[in-house]
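Coordinate analysis (summary)
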Amino acid sequence: GESVGLHLPTLSVQEGDNSIINCAYSNSASDYFIWYKQESGKGPQFIIDIRSNMDKRQGQRVTVLLNKTVKHLSLQIAATQPGDSAVYFCALSRNDYKLSFGAGTTVTVRA
Amino acid sequence: EAGVTQFPSHSVIEKGQTVTLRCDPISGHDNLYWYRRVMGKEIKFLLHFVKESKQDESGMPNNRFLAERTGGTYSTLKVQPAELEDSGVYFCASSQTDGAAQHFGDGTRLSIL
């Protein structure tokens, strides 16, 4: 199976600054990657996804970067807001359905 | 559009009892998935339905767990008999196709005493 690791379990960010959350994976056959946001008492909420034929994808205030050479995935959040405080998970698959999750990074936004 | 809904949100039962969790996927989503997160661990895949058929149940821990999706709409996950190590949060997700993003419900927090 896939092994998914995170660089930092926690991240503290000043409101208005940009956030970068990182994720590393072990299986080079992984071809689909997703970032989820989970708030307390809620389920994982889809943020953005990317397939292995791309190296960058942008959404509203978020950008996902994929570096297949070093098997690294990152999520960038622009102008971080208090509502961005949550646990962020990267997840990946190599067959389009069975997701493997990382342990999560807890992001805290300082006012 | 209503999201994935799960019932109950919390369940507390004693070891040896039976519990049934329910998941209603987003309308029109043929693909339904069960995952769980036990204390201190990552979210782990349990199984995948396409309509009423089980496509992959490789993540089911043992034969005390039974998932069904009769009619290809909602799904149930029954644990019988429940053991202490079954405690955790059980998530359901659905997607329109098996290559599309999976959308999760808020989970059922299961506590076995």
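Residues numbered from 1 in each chain as written. Chains lettered and ligands numbered in written order. Predicted model: local features only at pLDDT ≥ 70, side-chain atom pairs only at ≥ 80, totals over all residues. Heavy atoms only, no water.

**A look at the state of the cysteines**
By the definition in use, this model includes two disulfides over all chains. Each sulfur of the disulfide joining C23(A) and C90(A) lies 1.7 Å from the other. Within this pair, whereas C23(A) is found in strand β3 (residues 19-25), its partner C90(A) is found in strand β9 (residues 86-93), the two being separated by 67 residues in sequence. Paired by a disulfide, C23(B) and C92(B) hold their sulfur atoms 1.8 Å apart. Taking the torsion about the sulfur-sulfur bond, which here is approximately -65 degrees, the covalent link between C23(B) and C92(B) counts as left-handed. Taken together, the positions of C23(B) in strand β3 (residues 19-24) and C92(B) in strand β9 (residues 88-95) put the pair 69 residues apart, joining distant regions of the chain. With respect to burial, C23(B) and C92(B) carry one shared label: buried. (Disulfide = S-S within 2.5 Å. Helix = DSSP H or I, 4+ residues; strand = E, 2+ residues; numbered from the N terminus. Buried < 20%, exposed > 50% of the residue type's maximum accessible area, 1.4 Å probe, protein only.)

**Looking at the pattern of salt bridges**
All names here are of chain B. Overall, the coordinates contain eight salt bridges over all chains when judged by the stated rule. Two residues, K54 and E57, come together in a salt bridge whose shortest N-O distance is 3.8 Å. Residue classification places K54 among the partly exposed positions, given a relative accessible area of 35%. Looking at E57, the relative accessible area reads 42%, which means it is partly exposed. The salt bridge partner of R64 is D86, with a shortest N-O separation of 2.6 Å. Of this pair, R64 sits in the loop between β6 (53-56) and β7 (65-68) while D86 sits in the loop between β8 (75-79) and β9, placing them 22 residues apart in sequence. (Salt bridge = Lys/Arg side-chain N within 4 Å of Asp/Glu carboxyl O.)

**Considerations on the sheet that holds β3(B)**
All names here are of chain B. The strand order across the open sheet formed by four strands is β1-β3-β8-β7, and the pairing between neighbours is antiparallel. The two strands at the open ends of the sheet, each matched to only one other strand, are β1 (5-7) and β7. Along the sheet, successive strands turn relative to each other by an average axial angle of 15 degrees, direction set aside. Two elements, β7 and β8, share four bridges in a ladder whose sense is antiparallel. In the strand pairing of β8, A67 is matched with L77. (Pairing = 2+ DSSP bridges. Axes fitted to C-alpha atoms, helices over the stretch in contact; angles between N-to-C directions.)

**Looking at the packing of aromatic side chains**
The tally for this structure, following the rule as stated, stands at 12 aromatic pairs over all chains. One aromatic cluster is present, formed by Y36(A), F46(A), F89(A), Y97(A), F101(A), Y35(B), F45(B), F91(B) and F104(B) through successive ring pairs. (Phe/Tyr/Trp six-rings, centres within 6.5 Å; stacked < 30°, edge-to-face > 60°.)

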